[in-house]
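A closer look at the structure
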Amino acid sequence: MTNEVRNFLVQYKKQILRIIDANSNRAKEGLRVCEDIFRLLIEDRRKTLQLKKIRHAVSNIIAASSVNAYPIQNYRNSALDVGKNLKAKATKGKIFDIFSANAQRAKEAIRVLEETLSLFDKNAACRFQRLRFQFYDVEKECFKKIRYLCDRRYSSRSHKEPRASRHFSHTK
């Protein structure tokens, strides 16, 4: 570690740990929404377990990293967070949109974790990079499943509609 990086970390450690804490929570929250869609609505055990494994990996990577020496939640300052009152973009109320928004949220947060952890622990940063690419693959499979359910709904109105498909529309 260069002196420049060391000085930066000393000066901004608290803020960097807040970034790690916020994005750890954001990644796990987004993944949990995706997981629950596949667990409780789509009822796909395999995808549910894949998403759960990725969500748990977020905590495990941080716990195994050098930032675990700092209790990152102690650096949380929700009361003074300048972003807490920003308006969130509303989803359109369809499962496709909710899944998509939360998958994007998780990917972005994992990328932030990868970048910020590279300041403390290169191995943890590499593990987050692998996790991000793993999630890209799982997300792609999940979208195929959601689109399949949407297509089933719209291609055959005369057949009985799948239980959850009325919530899936990814068009209009």
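Residues numbered from 1 in each chain as written. Predicted model: local features only at pLDDT ≥ 70, side-chain atom pairs only at ≥ 80, totals over all residues. Heavy atoms only, no water.

1. Examining the environment of Ala125
Structurally, Ala125 can be placed in helix α4 (residues 122-155). Judged by its relative accessible area of 7%, Ala125 falls in the buried class. Taking the C-alpha atoms as reference points, Ala125 and Glu114, separated by eleven residues in sequence, lie 4.4 Å from one another. Residues within four places of Ala125 in sequence aside, it is in contact with Glu114, Leu117 and Ser118. (Helix = DSSP H or I, 4+ residues; strand = E, 2+ residues; numbered from the N terminus. Buried < 20%, exposed > 50% of the residue type's maximum accessible area, 1.4 Å probe, protein only. Contact = heavy atoms within 4.5 Å.)

2. Things to note about the packing of helix α1 (residues 3-41) against helix α3 (residues 95-117)
At a closest axis distance of 8 Å, the pairing of α1 and α3 adopts a crossing angle of 150°. In this view, α1 runs roughly antiparallel relative to α3, as classed from their interaxial angle. Handedness of the crossing formed by α1 with α3: left-handed. Each residue belonging to the contact of α1 with α3 can be placed in one class, and the counts come to 20 nonpolar, five polar and three charged. (Axes fitted to C-alpha atoms, helices over the stretch in contact; angles between N-to-C directions. Parallel < 35°, antiparallel > 145°, perpendicular 65-115°, else oblique. Left-handed = near helix turned anticlockwise from the far one by under 90°. Nonpolar A, V, L, I, M, F, W, Y, C, P; charged D, E, K, R; others polar.)

3. A word on the nonpolar core
In this structure, Ile20, Phe99 and Phe128 are the most contacted members of the largest nonpolar core, which totals 38 residues. Broken down by secondary-structure element, the contributors of at least two residues to this core are α1, α2 (45-64), α3 and α4. The dominant element in this core, judged by the number of residues it contributes, is α4, at ten residues. (Core = buried A, V, L, I, M, F, W, Y, C linked by side-chain atoms within 4.5 Å.)

4. Brief notes about the pattern of salt bridges
Side-chain pairing between opposite charges can occur once the charged atoms of the two side chains come close. By the definition in use, this model includes eight salt bridges. Note that Asp36 and Arg32 form a salt bridge whose closest N and O atoms lie 3.2 Å from each other. Pair noted here: Asp36 and Arg32 are both in helix α1, with a separation of four residues, about one helical turn. Under the relative-accessibility criterion, Asp36 is labelled partly exposed at 24%. The partner of Glu115 in a salt bridge is Arg111, and the shortest N-O contact between them spans 2.8 Å. With a gap of four residues between them, Glu115 and Arg111 both fall in helix α3, about one helical turn apart. Of the residues examined, Glu115 reaches a relative accessible area of 40% and is grouped as partly exposed. (Salt bridge = Lys/Arg side-chain N within 4 Å of Asp/Glu carboxyl O.)

5. A word on the packing of α1 against α2
Each pair of packed helices gets described by two things: the angle between the helix axes and the distance between those axes. Interhelical geometry of α1 versus α2 gives an angle of 165° and a closest axis separation of 8 Å. The angle between α1 and α2 falls in the class roughly antiparallel. α2 is crossed by α1, and the crossing has left-handed handedness. Counted together, Ile20, Ser24, Ala27, Lys28, Leu31, Arg32, Cys34, Glu35, Phe38 and Arg39 of α1 and Lys47, Thr48, Leu51, Lys52, Ile54, Arg55, Val58, Ser59 and Ile62 of α2 form the full contact between these two elements. Here the residues of the contact of α1 with α2 are counted per class, giving nine nonpolar, three polar and seven charged.

6. Observations concerning the packing of aromatic side chains
Counted by the stated rule, this structure contains four aromatic pairs. Ring geometry for Phe38 versus Phe99: centroids 5.5 Å apart, planes at 70°, classification edge-to-face. With Phe38 in helix α1 and Phe99 in helix α3, this residue pair connects regions lying 61 residues apart in the sequence. Each of the two residues, Phe38 as well as Phe99, counts as buried. Between Phe133 and Tyr136 the ring centres are 5.1 Å apart and the planes differ by 80°, which places this aromatic pair in the edge-to-face class. In this pair, Phe133 and Tyr136 are both assigned in helix α4, three residues apart and thus about one turn of the helix distant. Overall, the relative accessible area of 43% leaves Phe133 in the partly exposed class. Taking relative accessible area as the criterion, Tyr136 reaches 30% and is therefore assigned partly exposed. (Phe/Tyr/Trp six-rings, centres within 6.5 Å; stacked < 30°, edge-to-face > 60°.)

Purely spatial values, then, with no claim about function.
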